[in-house]
Amino acid sequence: MINRVLIRTKVVQNLYSYMLTKPDRTLSNALNDLESSLVKTYELYHYLLRLPVELTHIQEMRLDEARNKYMPSEEDLNPNMKFVNNRLVAALASNELLSRYAEEHTVTWNDDPIFQRLMLDKILKSDLYNDYMANEEDSMGNDCLLWQQLMKQVILPDENMADAIEQRSLFWTEDDMDLIFQFVSKTFRRLADGNEDAIMPMYKDEEDSQFGRELFTATVSLMPENNTLIDELVQSSRWDKNRIVLMDRIIMCAALAEVRTFDKIPTAVSLNEYIELAKNFSTAASGKFVNGILNNAVKQLQKDGIIFKH
């Protein structure tokens, strides 16, 4: 689940923190923090997958309480059970991998009943919910679509969700939510298709599991000479090197470290990924600036015989 796009993002974020806290923070500390942030990212994936199950259970209990109250109405006695019988939620609830992870890592929202109540009430008042309940189509595909849309349009943008996430981990950011939602949505679709491997492992393979630590270490190790190259190119382009924001410099150093260290990754792939990171994490002009400097840096490294790939 944690692919290289996400790993690069976490490496850049942790490099920024590391550079701001040197020399009080050692490289070993920074690497441990990087690993912790990746582990917590995978945990966030499980928290988001767990949320539909727990909210549905609360709604089921509400309906049961209404059915058993002193003077139940006709609607109380015969409620529309479509929401609580959602097939996607049933698949999530019965998945052994999800249940085991939740138990071993205490992944639950039940310790925050106020958040659960607020979120469920918002769902029940949404047009998405009302349209779903009124729709005569009754299928796994429709059940899956409901929760994809609820996640994207109701749950993730909600300020209560942002507060709940912030209280659970300092490692989780708003940018993480957008990235993890893509994997959650993909998992929903795989469950809807009956895919036995719907739940994604933390890493695709051993190579990916080591990529973050290797990239972080290489970036720090090569930073002095990569910074020198960047400064030379900036001066030749008549920019003031002292005006380069720290995030731009970190992104460029990470990109050049990746180009120089990971022979299997095409240069164009690396550059494109870091240019996108510059657009997302730095200033409005960073994408164009980083693009220009990195392309010239790669040409110089090729000319000097330091890299040979394209």
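Scroll up for the structure.
Rules used throughout
All residue numbers refer to positions counted from 1 along the written sequence of the respective chain. With the structure being a predicted model, the display of local features is reserved for residues of pLDDT at least 70 and the display and counting of side-chain atom pairs for 80 or more, all residues being used for whole-chain, interface and lining totals. The side-chain values count all of the structure's non-hydrogen atoms but skip hydrogen atoms and water molecules. Numbered from the N terminus, helices here are DSSP runs of H or I no shorter than four residues, and strands are runs of E no shorter than two. Burial classification: accessible surface area is computed with a 1.4 Å probe over protein chains only, and a residue below 20% of its type maximum counts as buried, one above 50% as exposed, and the rest as partly exposed. Any two residues whose heavy atoms approach within 4.5 Å are treated as being in contact. Surface accessibility in these figures is a Shrake-Rupley result with a 1.4 Å probe; residues are shielded only by whichever protein chains are displayed. By the counting scheme adopted, Arg and Lys are positive, Glu and Asp are negative, and His together with the chain ends is not counted. Lysine's charge is taken at NZ, arginine's at CZ, aspartate's at CG and glutamate's at CD. The nonpolar core is taken to be a set of buried Ala, Val, Leu, Ile, Met, Phe, Trp, Tyr and Cys residues, with the residues joined through side-chain atoms within 4.5 Å. A fitted line through C-alpha atoms represents every axis, and for helices the fit uses only the stretch in contact; the resulting angles, taken between N-to-C directions, go from 0 to 180 degrees. Should the near helix be turned anticlockwise from the far one by less than a right angle, the crossing is termed left-handed; should it be turned clockwise, right-handed. Classification convention: Asp, Glu, Lys, Arg as charged; Ala, Val, Leu, Ile, Met, Phe, Trp, Tyr, Cys, Pro as nonpolar; all other residues, Gly among them, as polar. Using protein atoms alone on a 1 Å grid, points that fit a 1.4 Å probe yet trap it form a cavity, whereas open point sets bounded by protein on both sides within 12 Å along at least five of seven lines form a pocket; residues with an atom within 4 Å of a point count as lining. Grid points are joined across faces, edges and corners, and a volume is the space filled by probe spheres set on the points. Between rings of Phe, Tyr and Trp, where Trp is taken as its six-membered ring, a pair exists when centres lie within 6.5 Å; planes separated by under 30 degrees are stacked, by over 60 edge-to-face, and by other angles tilted.

So, about the overall build of the protein. Across its full length, the protein carries 14 helices and 0 strands. Expressed along its principal axes, the backbone C-alpha trace of the protein runs to roughly 80 × 35 × 35 Å. Within the protein, buried positions represent 49% of all 310 residues. Here the contacts in the protein between residues at least 6 apart in sequence split such that 79% fall between residues at least 24 apart. A total accessible area of about 16,100 Å² is found for the protein, and carbon and sulfur atoms account for 49% of it. Between the centroid of the 34 positive side chains of the protein and the centroid of its 49 negative side chains there is a distance of 8 Å.

Looking now at the nonpolar core. Counting residues in each nonpolar core, the largest one holds 101 residues, and the members touching the most others are Tyr45, Trp147 and Met161. A total of 15 residues in this core trace back to one element, the largest contributor, which is helix 2 (residues 27-67). Beyond its immediate stretch of four places on either side in the chain, Tyr45 contacts Met1, Ile180, Phe183, Val184, Thr187, Ala198, Ile199 and Met200.

You can see Leu92 is positioned in helix 4 (residues 87-94). A C-alpha to C-alpha distance of 50 Å links Leu92 and Glu225, two positions 133 residues apart in sequence.

Time to look at the packing of helix 1 (residues 4-21) against helix 11 (residues 206-236). The contact between helix 1 and helix 11 brings their axes to 10 Å, and the two run at 35°. When you trace helix 1 past helix 11, the crossing you get is right-handed. For the pair helix 1 and helix 11, contact is made by Arg4, Ile7, Arg8, Val11, Asn14, Leu15, Tyr18 and Met19 and by Glu207, Asp208, Phe211, Gly212, Leu215, Phe216, Thr219, Val220 and Met223, respectively. Looking at the contact of helix 1 with helix 11 residue by residue, the class counts come to 10 nonpolar, 3 polar and 4 charged.

All right, on to empty space enclosed by the protein then. What the rule picks out here adds up to 2 cavities of 30 Å³ or more. Taken as a whole, the largest cavity encloses approximately 60 Å³ of empty space. In terms of residue class, the lining of the largest cavity is made up of 7 nonpolar, 2 polar and 1 charged. Within this model, the second largest cavity holds a volume of roughly 30 Å³. In terms of lining residues, the second largest cavity is bounded by Ile7, Leu34, Glu35, Leu38, Tyr203, Asp208, Ser209, Gly212 and Arg213. For the lining of the second largest cavity, the secondary structure elements donating two or more residues are helix 2 and helix 11.

What follows concerns the side chain of Gln148. Structurally, Gln148 is set in helix 8 (residues 140-155). When sequence neighbours within four positions are dropped, the list of residues in contact with Gln148 reads Phe181, Ser185, Phe188 and Arg189.

Describing an aromatic ring pair means giving the distance of the ring centres and the angle of the ring planes. Counting across every chain of the model gives 9 aromatic pairs. Ring geometry for Tyr47 versus Trp109: centroids 5.2 Å apart, planes at 80°, classification edge-to-face. In this pair, Tyr47 is assigned in helix 2 and Trp109 in the loop between helix 5 (96-105) and helix 6 (113-124), connecting sequence segments 62 residues apart. Judged by relative accessible area, Tyr47 falls into the buried class, the value being 6%. Ring geometry for Phe83 versus Tyr129: centroids 5.3 Å apart, planes at 75°, classification edge-to-face. Linking Phe83 in the loop between helix 3 (74-77) and helix 4 with Tyr129 in helix 7 (residues 127-134), this pair joins segments that are 46 residues apart in sequence.

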